[in-house]
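Examining the three-dimensional arrangement
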Amino acid sequence: MARFWVCAAGAGFFLASLVLHARFCGSGVLRNFAFQVSWRSEKLLYRLDLGWPNYSEYFTGATFCVAVDSLNGLVYVAQRGDNIPKVLVFTEDGYFLRAWNYTVDTPHGMFAASTPYEQSVWITDVGSGSYGHTVKKYNSFGDLVQVLGTAGKKGTGLSPLQFDNPAELYVEDTGDIYIVDGDGGLNNRLIKLSQDFMILWLHGENGTGPAKFNIPHSVTLDSAGRVWVADRGNKRIQVFNKITGEWLGAWNNCFIDEGPSSVRFTPDEKYLIMAQLNLSRLLVVAAPPVGSIGDCSVVSTIQLPDQVLPHLLEVDRKTGAIYVAEIGAKQVQKFVPFHSHVPAFST
């Protein structure tokens, strides 16, 4: 199976287009994609790891999210479909380890939050079945450890806590949890929970003003104590103080055509990596200094072909590799820093 699409960006470019044919062996369907490659004046920051995973036939559904346990070298992929394993576990080198399907209805977002004593992964479930509208913690083998929300029942309540299409979460090393709840459902909320699952603060109103949301879709943190939220429907990034929940500012100048669907930092926090779903594009954005939010400044882009549809992504905290869950292409692709030791082509 041929796996191919990638390009990089900057200011001023030459564009070459060609049509490639790739056979998706898992489905047996022949599909055409336009492979657009842009050569820019600036140096490339990332390149595609063509050898990851070793066998892409394990992707048998729509791949909605990916999580990286950099402590243990594991990569989790969650996919949707009938009569298929919902969660796949790979090594960071691309070897398939196992799959499981227990108590997972319709996965949307996920986050790996492991310690030296525990391997765990959290999944947001937006299904309408008995396990839906929840945020769940599993161990690496799929055993259910914790359920947040009211299983099988959507709602706006806080006591007991209810969700409606929770999109994604981020878990700090302290155990505090940040959840964006509202992938097109009743809620448009950012909730911070303590490690014992008490609500510490929240912003929860639909709207376009500061600290209001329209489909909050992804959330991440930096070491300066700032919470970054991809406010997809409002075409912006909003930033908050992680301790108080105070609104610090917003970016909207990078998202004229489409809002961000995913946001993560590189390990050195020099850049933020963002996805734009319908544009099939990744943005590499300069991170602002501590004490300033400023304006969004795109440093580079990775332009994927039409209909690849990058939904959510994760960045390996150790290696800096970017893993992108693509619901259109039904796969996860891995991009590595340009000067990484990973070979450009694998056999």
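Each residue is numbered by its place in its chain's sequence as written, counting from 1. Reporting of local features is limited, given that this is a predicted model, to residues whose pLDDT is at least 70; pairs of side-chain atoms are given and counted only at 80 or more, and all residues count toward the totals for whole chains, interfaces and linings. Computation of side-chain values covers all heavy atoms of the structure but excludes hydrogens and water.

This part takes up the overall build of the protein chain. Each helix is a run of H or I in the DSSP string that is no shorter than four residues. Each strand is a run of E no shorter than two, and both are numbered from the N terminus. A tally of regular secondary structure across the protein chain gives zero helices and 26 strands. Each residue is assigned to one of three classes by its accessible area relative to the maximum for its type, calculated with a 1.4 Å probe on protein chains only: buried under 20%, partly exposed between the two thresholds, exposed over 50%. Within the protein chain, buried positions represent 56% of all 347 residues. Two residues qualify as a contact provided that any one of their heavy atoms is within 4.5 Å of a heavy atom in the partner residue. Of the contacts formed within the protein chain by residues at least 6 apart in sequence, a portion of 49% connects residues at least 24 apart. With residues, only the protein chains shown are counted as cover, and all accessible areas are computed by Shrake-Rupley using a 1.4 Å probe. Of the roughly 14300 Å² of accessible surface on the protein chain, 52% is carried by carbon and sulfur atoms.

Right, let's get into the sheet that holds strand β17 (residues 226-231). Here, strands pair whenever DSSP counts at least two bridges between them. An order of β16-β17-β18-β19 is seen for the four strands of this open sheet, with the pairing classed as antiparallel. Looking along the sheet, the strands with just one partner apiece sit at the ends: β16 (216-221) and β19 (247-251). On average, adjacent strands in this sheet sit at an angle of 20 degrees to one another, irrespective of strand direction. Where strand β18 (residues 236-241) meets β19, four bridges bridge the pair, whose relative direction is antiparallel. Residue I237 lies in a different strand from β19, and its bridge partner there is W251. All axes here are fitted lines through C-alpha atoms, helices being fitted over the stretch that makes contact, and every angle between N-to-C directions spans 0 to 180 degrees.

Glancing now at the environment of L312. Along the chain, the position of L312 falls in strand β24 (residues 310-315). The exposure class of L312 is buried, given its relative accessible area of 2%. L312 sits 95 residues away from H217 along the chain, and the two C-alpha atoms are 8.9 Å apart.

Glancing now at the packing of aromatic side chains. Two rings from Phe, Tyr or Trp (for Trp, the six-membered ring) form a pair when their centres are within 6.5 Å of each other. A pair whose planes differ by under 30 degrees is stacked, one over 60 is edge-to-face, and the rest are tilted. Counted under the stated rule, the structure contains 13 aromatic pairs. An aromatic cluster is defined as three or more aromatic residues linked by ring pairs; in this entry it consists of W52, Y58, F59, F90, F96 and Y323. R80 extends its terminal NZ or CZ atom over the ring of F64, reaching a point 3.5 Å from the ring centre. A positively charged side chain is recorded as over a ring if its NZ (Lys) or CZ (Arg) lies within 6 Å of the ring centre. The angle to the ring normal must also be within 35 degrees. Between R98 and the ring centre of F141, over which it is positioned, the NZ or CZ distance is 3.9 Å.

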